[in-house]
Amino acid sequence: MRNQQATQLLFELSRPGAAAARLPACDVPERPLGELLPAEAVGDSPPPLPELSEPDVVRHYVNLSQWNMSVDTHFYPLGSCTMKYNPKRNERLASLPGLADLHPYQPEASIQGMLEVLYDCQAFLAEIAGLPGVSLQPAAGAQGELTALLVAAAYYRDRGERRSVVLLPDSAHGTNPASAAMAGFRAVSVGSTAEGLVNLDDLAAKLNDQVAVLMITNPNTLGLFERQIGDVTRMVHEVGGLVYLDGANMNAIMGLTRPGDCGADLMHFNPHKTFSGPHGGGGPGAGPIAVTKTLAPFLPSPIVVKDGERFRLDEDRPKSIGRVRGFFGNTGVLVRMFCYILTHGPDGLRRVSEDAVLNANYLLSRVKPFLPVPHGDRCMHEFVATASELKAQRGVAAMDVAKRLLDRGMHAPTVYFPLIVREALMIEPTETESKATLDAFAEALFRITEEDPDLLHDAPHTTPVSRPNEVQAARQPVLRAGC
Ligand SMILES: *Cc1c(COP(=O)(O)O)cnc(C)c1O
């Protein structure tokens, strides 16, 4: 049963006199606040803060936390986001006091262990990417994109070239054009073929000496491996451009192929999608980037280097674009990545990719008999089904299916992305799920497609918040309790 208490705000739960802390009696002479602070800093009355006991506060927040779905509580097949289960071991290792309690201003000699971890992270990512220069600084995939584009811009400046365009396939993640614009480029879209791959004719038509970078996601957001990646990188290089590989889908290919070997010049990693960084909750995150030897001098500063047996931060990098983030990046996330990579080893990482692809293909084969998958019978780590027939025949939209899944105790897949598939349901099971879970999900989806459309339009029916009116919610947000 849902706890009523969690539907109220702390302010409404407030009881005068309730307190969570009892301070010892004051043992120095008391003086009025007005004597200690300037008059304008002292209010007429105390701020109207809620007064609650400690159990009231704990229950409030624990109850609120249980309103949510998470990978630890529910299956979470959110395509593109890769919500895989993260081993708790890595959380514990990252909280070891020798790592978690370090201060970034400590002298280098006293943080040799952390610097070694970061140095090894750089080496691991360089190996997985097939690209030798690595910066661990960016705080998310999107910031990695921006950082890499700034590196590309610095490279062209250094060569005395002016290039203004970033090309992106129309299946690209929204962060790609946003990063391009933030880095001062003009984003130009390249079309896809009916098969769902980059259209090479359209690419050829848009390539010229103004193109700085092509950003490409491989496997792409339809869950398809861009087989012509070799042709794509060759064509871009022929006009003097660089190829950026959006590495958000590395969880499908690590250990199997490497972006550098495919001709990519720059890329980012999403440790929260590939290597057991915590996912969701707004961070802190990490989005390390890897680049070719030619581009490495432009990477953010500092980089961890090894002199003999000592590790140190190299700040003496005259061509660097400078810092993109305080200190060394979000080391807590990087430590989890380090543990994940070491635990799996090279063969284990390849196995992760293979299992992610196997799980997605199994689920694809179970789902496509009742929800068509327009782009292919085979996929990499995710696939995109469409509810457009269901909508035409029964008036049931992708959103209805997604919301109803919540009633069945499963998180919805990503919907309405990528934009090139109508009524898209983008499903990514990840390698950490069992066959039983995948079967249960396919069964739940199938049942939903058979249900009364009226029931589906109002779903979910069992969650703390039912279906909001999204238009009204955006235009007239109600920010007070009691709605
Ligand atoms: C998740 C994702 C990003 C952005 O990464 P964040 O870490 O969320 O900033 C970029 N591209 C693709 C394809 C993604 O799936």
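So, here's what we can say about the structure. Just so it is clear, the model here is predicted, and its values are computed rather than measured.

**Points about a nonpolar patch on the surface**
On the surface, Tyr-61, Leu-64, Trp-67 and Val-465 cluster together into a nonpolar patch covering about 360 Å² of accessible area. Note on placement: Leu-64 falls in helix α3 (residues 54–65).

**A closer look at the packing of helix α12 (residues 331–367) against helix α15 (residues 435–450)**
Running from amino to carboxyl end, α12 crosses α15 at an angle of 30°, the nearest separation of the two axes being 10 Å. As the angle between them shows, α12 and α15 are arranged roughly parallel. For α12 against α15, the interelement crossing comes out right-handed. Where α12 abuts α15, its residues Asn-359, Tyr-362, Leu-363, Arg-366 and Val-367 lie against Lys-435, Leu-438, Asp-439, Phe-441, Ala-442, Glu-443 and Leu-445. Across the contact of α12 with α15, the residue classes tally to seven nonpolar, one polar and four charged.

**Brief notes about the sheet that holds strand β12 (residues 424–427)**
Two orientations exist for strands paired in a sheet by backbone hydrogen bonds: parallel and antiparallel. Taken in spatial order, the three strands of this open sheet run β10-β12-β11, and their pairing is antiparallel. Each of the sheet's edge strands pairs with one partner strand only, and the pair in question is β10 (383–386) and β11 (414–415). Where β10 and β12 come together, four bridges link them in antiparallel fashion. For Val-384, the partnering residue across the bridge sits in β12 and is Met-426.

**Things to note about the nonpolar core**
Within the largest apolar cluster, 59 residues are counted, with the highest numbers of intra-cluster contacts made by Leu-125, Ile-128, Leu-167, Leu-203, Met-267, Phe-269 and Phe-275. Sort the elements by how many residues they give to this core and α12 lands first, with 11 residues. Mapped onto the domain boundaries, this core takes at least three residues apiece from domain 2 (88–344) and domain 3 (347–475). Discounting residues that sit within four places of it in the chain, Phe-269 has contacts with Leu-125, Ile-128, Ala-129, Met-250, Phe-275, Ala-286, Gly-287, Pro-288 and Ala-290. Core analysis: the next-biggest nonpolar cluster, separate from the first, contains 28 residues, Ala-154, Tyr-156, Ala-183 and Phe-185 among them.

**Some details on the pattern of salt bridges**
Where side chains of opposite charge bring their charged atoms close, a pairing between them can arise. Counted by the stated rule, this structure contains 29 salt bridges. Residue Lys-206 is joined to Asp-202 by a salt bridge in which the shortest nitrogen-to-oxygen separation is 3.1 Å. Of the two residues, Lys-206 and Asp-202 both sit in helix α9 (residues 200–206), four residues apart, roughly one turn of that helix. Judged by its relative accessible area of 28%, Lys-206 is partly exposed. It is possible to trace a salt-bridge network through shared partners that takes in Arg-404, Asp-407, Arg-408 and Glu-451.

**Some details on the site of the ligand**
Lining the immediate environment of the ligand, one finds 13 residues, of which Ser-80, Gly-141, Asp-246, His-272 and Lys-273 sit closest. The separation between an oxygen atom of the ligand and a polar main-chain atom of Ala-142 is 2.8 Å. In this structure, Asp-246 approaches the ligand through a side-chain N or O atom, which is 2.5 Å from a nitrogen atom. By residue number, the principal contributor to the shell around the ligand is helix α7 (residues 141–158), which donates three residues.

Calculation rules
Residues numbered from 1 in each chain as written. Predicted model: local features only at pLDDT ≥ 70, side-chain atom pairs only at ≥ 80, totals over all residues. Heavy atoms only, no water. Patch = residues over 30% accessible without salt bridge, like charges linked within 9 Å, V, L, I, M, F, W, Y side chains within 5 Å. Areas by Shrake-Rupley, 256 points an atom, 1.4 Å probe, with all protein chains shown as cover. Salt bridge = Lys/Arg side-chain N within 4 Å of Asp/Glu carboxyl O. Helix = DSSP H or I, 4+ residues; strand = E, 2+ residues; numbered from the N terminus. Axes fitted to C-alpha atoms, helices over the stretch in contact; angles between N-to-C directions. Parallel < 35°, antiparallel > 145°, perpendicular 65-115°, else oblique. Left-handed = near helix turned anticlockwise from the far one by under 90°. Contact = heavy atoms within 4.5 Å. Nonpolar A, V, L, I, M, F, W, Y, C, P; charged D, E, K, R; others polar. Pairing = 2+ DSSP bridges. Core = buried A, V, L, I, M, F, W, Y, C linked by side-chain atoms within 4.5 Å. Buried < 20%, exposed > 50% of the residue type's maximum accessible area, 1.4 Å probe, protein only. Domains from an automatic or database assignment. Near = heavy atom within 4 Å. Polar contact = N/O pair within 3.5 Å; in protein donor to acceptor, adjacent residues only side chain to side chain.

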